[in-house]
Amino acid sequence: MKKDTPQHAEIIGFSVIDGCLAVGGMPVTRLAEQVGATPFFAYDRALMSARVAELRAAYPKDVHFHYAIKANPMPAVVQHLARLADGLDVASAGEMQVALDTGIDPLTISFAGPGKTAQEISQAVAAGIVINLESPHEMEVAADAATRLGLRPKVAIRVNPDFELKTSGMKMGGGAKQFGVDAEQVPQMLKRLSALPLDFHGFHIFSGSQNLREESILETQEKTINLALELASHAPRAPKLVNIGGGLGIPYFPGEQRLDLKVLGDGLENLMPRLRQELPGAETVIELGRFLVGEAGVYIARIVDRKESRGQVFLITDGGLHHQLAASGNFGQVIRKNYPVAIANRMGAPASEEANVVGCLCTPLDRLGDKVSLPRAEVGDLVAVFQSGAYGLTASPAAFLGHPPAREILV
Ligand SMILES: *Cc1c(COP(=O)(O)O)cnc(C)c1O
């Protein structure tokens, strides 16, 4: 049988110590003792730092990176990335507070997302962060808050482009969308904006996420830059910020390959001269969530039962979809595929059986791995689900079935 998961751990950069998966240099068996309970998410800060360093080495020096904290809003993670990245992107007043608590310059925080309430917009104006306006209504609400507070907030317009990010896991632009302002409505909105107590800051054009095709990402970036330049000619003044989106994916499923950052960086370098020449004062930003944190996290659950049913082995863990919904296949996947899974304390052992790894919830949806080739595992062993650093704990239905929440640790 194939022994593919230990390799997977090594590709990402995790080490294995005496046959046990290590996060931040600590074997997860010992981390389990330190945490005091399973299940838990363990995040490796050195791997996050490495991702940022790789991006900076591959991309043009004048392209900046923001962390979209909805991918993993654990305050310690956000603190760590606040020091590494050039800014933070938030999508609620709650996330805004986590971002502000890091102490970074509020002007490097931007607030996107549909359905911002008047209260949230007013909080953002008071905080002095950049507000990405998703509609003409939000613009009027921001202007009212500005007048009331005697402040002149920096606002960017989030544009719903007239193109899509092709072959993307999740499309968030193009066609009819709840996100942003249709590109063709933006000139009119800019005209109105110039009459309001708002400081026009730039454009935010985000087309989608979880993309693993370099050509698609570059093609979209080219269209995005063209659109930003076109719209800039309608602006009350030259934009100071052009957020060209993100969308860099990570491989979750068998056969998927990691992105080639050199191809992406060189490709964007070829697109930058026009932007530099036509908008010399504008900062170019790429916003990334899962790419910065997804691979740095593992979800660890303990096997509490092992049984056979009509010829199949079931490893029943104390974890499940209430902590790691995405790995169960119920967070936007059409056909269920396995995240990379391993027996964390038997990393050196060869695969010797096919097992189904399931959670403890009383629903057939609660599966963490279908027919995975694994070394024989027993009650008490630890299961590791890789690629769990993003959209894990906070993207899962924690209250479903009333089990305790997962712990989190940054090592
Ligand atoms: C969700 C989101 C992101 C992060 O997406 P990833 O796939 O995690 O990189 C970035 N920007 C916006 C506007 C988002 O909504």
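In this text, all values refer to a predicted model and were calculated from it rather than measured experimentally. (Residues numbered from 1 in each chain as written. Predicted model: local features only at pLDDT ≥ 70, side-chain atom pairs only at ≥ 80, totals over all residues. Heavy atoms only, no water.)

A.B. asks: How would you sum up the overall build of the protein? Please name residues and give values.
C.D. replies: For the protein, the count of helices and strands is 11 helices and 22 strands. Buried residues in the protein amount to 58% of all 411 residues. Residue pairs at least 24 apart in sequence account for 73% of intrachain contacts in the protein once pairs closer than 6 positions are excluded. With an accessible surface of roughly 16700 Å², the protein has 53% of that area assigned to carbon and sulfur atoms. Where the 39 positive side-chain charges of the protein centre and where its 45 negative ones centre are 1 Å apart. (Helix = DSSP H or I, 4+ residues; strand = E, 2+ residues; numbered from the N terminus. Buried < 20%, exposed > 50% of the residue type's maximum accessible area, 1.4 Å probe, protein only. Contact = heavy atoms within 4.5 Å. Areas by Shrake-Rupley, 256 points an atom, 1.4 Å probe, with all protein chains shown as cover. Lys, Arg positive; Asp, Glu negative; His and termini not counted. Charge placed at Lys NZ, Arg CZ, Asp CG, Glu CD.)

A.B. asks: Let's hear about the packing of aromatic side chains: which residues, and what values?
C.D. replies: Considering all chains together, one arrives at 9 aromatic pairs under this definition. Seen from their ring centres, Y252 and Y339 are 4.9 Å apart, and the 35° between their planes marks the pair as tilted. Note that Y252 is positioned in the loop between strand 14 (241-243) and helix 10 (261-278) and Y339 in the loop between strand 17 (312-317) and strand 18 (341-343), a separation of 87 residues in sequence. Accessibility classification places Y252 together with Y339 in one group, the buried group. An aromatic cluster of three or more residues is present, and its members are F41, Y43 and Y299. (Phe/Tyr/Trp six-rings, centres within 6.5 Å; stacked < 30°, edge-to-face > 60°.)

A.B. asks: Kindly report on the site of the ligand, identifying the contributing residues and their values.
C.D. replies: By nearness alone, every residue bordering the ligand is listed as A68, K70, R158, M172, H204, F206, S209, E287, L288, G289, R290 and Y391. Residue R290 places a main-chain N or O atom 2.8 Å away from an oxygen atom belonging to the ligand. Y391 places a polar side-chain atom, nitrogen or oxygen, 2.6 Å from an oxygen atom of the ligand. Calculation on the ligand without its partners gives an accessible area of 380 Å², and the protein chains cover 92% of this total. Each residue belonging to the shell around the ligand can be placed in one class, and the counts come to 5 nonpolar, 3 polar and 4 charged. (Near = heavy atom within 4 Å. Polar contact = N/O pair within 3.5 Å; in protein donor to acceptor, adjacent residues only side chain to side chain. Nonpolar A, V, L, I, M, F, W, Y, C, P; charged D, E, K, R; others polar.)

A.B. asks: Which residues make up the pattern of salt bridges, and what values do they have?
C.D. replies: The tally for this structure, following the rule as stated, stands at 20 salt bridges. For R306, the salt bridge identified is with E353, shortest N-O distance 2.9 Å. In this pair, R306 is assigned in strand 16 (residues 297-309) and E353 in strand 19 (residues 353-358), connecting sequence segments 47 residues apart. (Salt bridge = Lys/Arg side-chain N within 4 Å of Asp/Glu carboxyl O.)

A.B. asks: Which residues make up the sheet that holds strand 3 (residues 26-27), and what values go with them?
C.D. replies: Overall, antiparallel pairing links the 3 strands, which are arranged 1-2-3 in an open sheet. Both edges of this open sheet fall to strand 1 (15-17) and strand 3, since each of them pairs with a single strand only. Of the pairings in the sheet, the one linking strand 2 (residues 20-23) to strand 3 comprises 2 bridges and is antiparallel in character. Residue pairing across strands places A22 opposite P27, the latter belonging to strand 3. (Pairing = 2+ DSSP bridges.)

A.B. asks: Outline the domain arrangement of the protein, listing residues and values.
C.D. replies: Assigned domains within the protein: domain 1 (9-44 + 294-410) and domain 2 (105-288). The interface is formed by 10 residues belonging to domain 1 together with 6 residues belonging to domain 2. Across the interface of domain 1 and domain 2, roughly 800 Å² is buried in total on both sides, 59% from carbon and sulfur atoms. Interface area lost by domain 1 to domain 2 is led by E295, K337 and Q387, which between them contribute 47%. Counting across the interface, domain 1 meets domain 2 through 1 salt bridge. In this structure, R258 and E295 form a salt bridge, with 2.6 Å as the shortest nitrogen-oxygen distance. Counting the contacts that link domain 1 with domain 2 gives 2 residue pairs in polar contact (both at pLDDT 80 or more). (Domains from an automatic or database assignment. Buried area = accessible area lost by both parts, 1.4 Å probe.)

A.B. asks: With reference to specific residues and values, describe the state of the cysteines.
C.D. replies: For the coordinates displayed, the defined rule picks out 0 disulfides. The structure places no disulfide on C360, whose sulfur is separated from the nearest cysteine sulfur, that of C362, by 10 Å. The exposure class assigned to C360 is partly exposed, which follows from its relative accessible area of 27%. Relative accessible area serves as the criterion here: at 74%, C362 is assigned to the exposed category. (Disulfide = S-S within 2.5 Å.)

A.B. asks: Can you lay out the environment of L229 for me, pointing to particular residues and giving the numbers?
C.D. replies: Tracing the sequence through the fold places L229 in helix 9 (residues 214-232). Sequence separation of L229 and R274 is 45 residues, and the distance between their C-alpha atoms is 8.9 Å. Dropping the residues within four chain positions of it, L229 is found in contact with R274, L275, E278 and L279.

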